Amino acid sequence: MSFKYYQGKKVFITGGSAGIGKGIAIELAKAGASVMICARGKSKLEAAVKELKAVGAPGAIFDYAVLDVSDKKQVLATAKKVLKSLGGLDILICNSGYAQAGEASDLQDEAFRKLMDVNFFGHLNVALAFQKHFATQGKGDIIFLASTLAVFSIYGYGAYSASKFAISGFAQAFRQEMMLHNVKVKLFLPPTTDTPGLEKENEDKPPISKEIEMGSSLNKVHSVGSVAKALLKWIPNNKFFGYTGWDSWLQYALFRHFPELTLKIADSELRAAQSRLNKKNGSISK
Ligand SMILES: NC(=O)c1ccc[n+]([C@@H]2O[C@H](COP(=O)([O-])OP(=O)(O)OC[C@H]3O[C@@H](n4cnc5c(N)ncnc54)[C@H](OP(=O)(O)O)[C@@H]3O)[C@@H](O)[C@H]2O)c1
């Protein structure tokens, strides 16, 4: 796949040291872009920058910043560093984030707040830190990564979905504000993707949520490479929502056009999952 759009472009990716963010960084480097990444852990950032240099174009810039996106002060200082290191910015990709599954009654307030701090305020802090730059420049792309769980949600994902619905709502309003500056704001809905983040999420997922996923014909685990390539293909087009593959598109389209039917399908998947779990546990299904 050729991604000419990215040749010579300057890109900043939050959470670029692992998972989907790193996959995007690698594809962009291969396509001839200069890429700066950030995350909290320095050693993974250094290792990722080495990988980018190995596949990137000669003369392209690859750099990193240690940053916690939920810290607004740190974000403002890093934004200055990014603009200086790259000599400008064409594309901002707000990717950092994580999932914590759990029944609402089992999660502490802290879990809800932390998800909002990183998944919502993290994206907000970074977008606002570069808002003036993009508005003055009068062009560019600002990309928010949310999730397919940013348009509908299921058992065990209340806290996570709340943070992703929040960024989806913000992105829609921000899209119009930046449109008047000729800057595109877009929302990508990654599907379930094989990343270190997913591995961590699976550790404390409620058994019934796992069972729902196993029984769902729409829940396919995607590779980082396929998600990153889908995102690069989508950025230059004029569609606000971005997906990976027909399964993500179908989940979005079903809920968008047939919300009550989708809820009914989700409920029957939940009941089937509960019954399978009951059988596995040797108890009688109600
Ligand atoms: N994987 C999936 O199945 C899936 C599905 C739907 C949506 N998504 C979304 O896609 C994005 C990437 O997910 P992923 O699975 O690739 O995650 P991942 O494998 O855990 O990687 C997350 C990246 O973000 C960084 N990060 C985490 N918290 C941060 C913070 N507070 N400040 C700065 N950087 C931070 C991590 O580095 P440090 O830990 O060193 O900071 C790492 O570089 C997230 O927004 C996630 O919600 C993922």
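The preceding data block contains the structure.
Residues numbered from 1 in each chain as written. Predicted model: local features only at pLDDT ≥ 70, side-chain atom pairs only at ≥ 80, totals over all residues. Heavy atoms only, no water.

Engineer: Describe the site of the ligand, and please don't skip the residues or the numbers.
Structural biologist: In the neighbourhood of the ligand, 29 residues make up the surrounding shell, with Ser17, Arg40, Asn95, Thr193 and Thr195 lying closest. One nitrogen or oxygen atom from the side chain of arginine 40 is found 2.7 Å from an oxygen atom belonging to the ligand. Contact distances for the ligand include 3.0 Å between a nitrogen atom and a side-chain N or O atom of aspartate 68. Elements with a contribution of two residues or more to the shell around the ligand: α1 (19–30), α5 (158–179) and α6 (196–203). With 3 residues, the top contributor of residues to the shell around the ligand is α6. Here the shell around the ligand is built from residues that sort into 13 nonpolar, 13 polar and 3 charged. (Near = heavy atom within 4 Å. Polar contact = N/O pair within 3.5 Å; in protein donor to acceptor, adjacent residues only side chain to side chain. Helix = DSSP H or I, 4+ residues; strand = E, 2+ residues; numbered from the N terminus. Nonpolar A, V, L, I, M, F, W, Y, C, P; charged D, E, K, R; others polar.)

Engineer: Which residues make up the layout of surface pockets, and what values do they have?
Structural biologist: By volume, the second largest pocket amounts to about 200 Å³. Here the lining of the second largest pocket takes 3 residues from helix α8 (residues 224–234), the largest share from any one element. Residues of the lining of the second largest pocket, tallied by class, amount to 4 nonpolar, 3 polar and 2 charged. (1 Å grid on protein atoms, 1.4 Å probe; cavity = no way out; pocket = protein on both sides within 12 Å on 5 of 7 lines; lining within 4 Å. Points joined across faces, edges and corners; volume = space filled by probe spheres on them.)

Engineer: Which residues make up unusual backbone geometry, and what values do they have?
Structural biologist: Phi is positive for asparagine 182, which is not a glycine, with a value near 65°. By secondary structure assignment, the location of asparagine 182 is in the loop between α5 and β6 (184–188).

Engineer: Give me the nonpolar core: which residues, what numbers.
Structural biologist: Of all hydrophobic cores here, the largest spans 39 residues; its most connected members are Phe12, Leu92, Phe130, Ile142 and Phe144. Of all elements in the fold, only β2 (34–39), α3 (72–86), β4 (91–94), α4 (109–137), β5 (141–145), α5 and β6 reach the threshold of two or more residues within this core. When residues of this core are assigned to their parent elements, the largest contribution, 9 residues, is made by α4. Not counting the four nearest positions on each side in its chain, phenylalanine 12 is found in contact with Met36, Ile37, Cys38, Thr78, Val82, Leu89, Ile91, Leu92, Ile93, Val126 and Phe130. If you look at the next biggest cluster of nonpolar residues, it comprises 33 residues, including Val35, Ile143, Ala228 and Leu232. (Core = buried A, V, L, I, M, F, W, Y, C linked by side-chain atoms within 4.5 Å. Buried < 20%, exposed > 50% of the residue type's maximum accessible area, 1.4 Å probe, protein only. Contact = heavy atoms within 4.5 Å.)

Engineer: Explain the sheet that holds strand β1 (residues 10–14) to me, using residue names and the numbers behind them.
Structural biologist: Pairing within the open sheet is parallel, and its 7 strands lie in the order β3-β2-β1-β4-β5-β6-β7. Whereas interior strands pair on both sides, the edge strands pair on one side only; in this sheet they are β3 (62–66) and β7 (241–242). This element, helix α2 (residues 42–55), spans β2 and β3 of the sheet and lies at about 170° to β3. The strands touched by α3 within the sheet are β1, β2 and β3, with β2 carrying the most contacts at an inclination of about 160°. (Pairing = 2+ DSSP bridges. Axes fitted to C-alpha atoms, helices over the stretch in contact; angles between N-to-C directions.)

Engineer: Can you tell me about the packing of aromatic side chains, naming the residues and giving the values?
Structural biologist: Overall, the coordinates contain 14 aromatic pairs when judged by the stated rule. Between phenylalanine 241 and tyrosine 252, the aromatic rings sit 4.8 Å apart at their centres with planes inclined by 40°, giving tilted as the arrangement. Of the two residues, phenylalanine 241 is situated in strand β7 and tyrosine 252 in helix α9 (residues 245–257); the sequence distance between them amounts to 11 residues. Each member of the pair, phenylalanine 241 together with tyrosine 252, is buried. Taken together, the ring pairs connect Phe120, Phe121, Phe144, Phe170 and Phe174 into an aromatic cluster. Seen from the ring of tyrosine 5, lysine 9 lies directly overhead, with NZ or CZ sitting 4.2 Å from the centre. (Phe/Tyr/Trp six-rings, centres within 6.5 Å; stacked < 30°, edge-to-face > 60°. Lys NZ or Arg CZ within 6 Å of the ring centre and 35° of its normal.)

Engineer: Summarise a negative patch on the surface; cite the residues concerned and give the values.
Structural biologist: Residues Asp194, Glu199, Glu203 and Asp204 make up a contiguous surface patch of negative charge. In this fold, aspartate 194 is placed in the loop between β6 and α6. (Patch = residues over 30% accessible without salt bridge, like charges linked within 9 Å, V, L, I, M, F, W, Y side chains within 5 Å. Areas by Shrake-Rupley, 256 points an atom, 1.4 Å probe, with all protein chains shown as cover. Salt bridge = Lys/Arg side-chain N within 4 Å of Asp/Glu carboxyl O. Lys, Arg positive; Asp, Glu negative; His and termini not counted. Charge placed at Lys NZ, Arg CZ, Asp CG, Glu CD.)

Engineer: Would you mind going over the packing of α4 against α5 in detail, with residue names and values included?
Structural biologist: Two elements in contact, α4 and α5, have axes separated by 8 Å at closest approach and are oriented at 15°. Relative to α5, the element α4 lies roughly parallel. Note on packing geometry: the crossing formed by α4 with α5 is right-handed. Contacts between α4 and α5 involve Phe112, Leu115, Met116, Asn119, Phe120, His123, Leu124, Ala127, Leu128, Gln131, Phe134 and Ala135 from the former and Ala159, Tyr160, Ala162, Ser163, Lys164, Ala166, Ile167, Phe170, Phe174 and Met178 from the latter. Among the residues making up the contact of α4 with α5, the classes are represented as 17 nonpolar, 4 polar and 1 charged. (Parallel < 35°, antiparallel > 145°, perpendicular 65-115°, else oblique. Left-handed = near helix turned anticlockwise from the far one by under 90°.)

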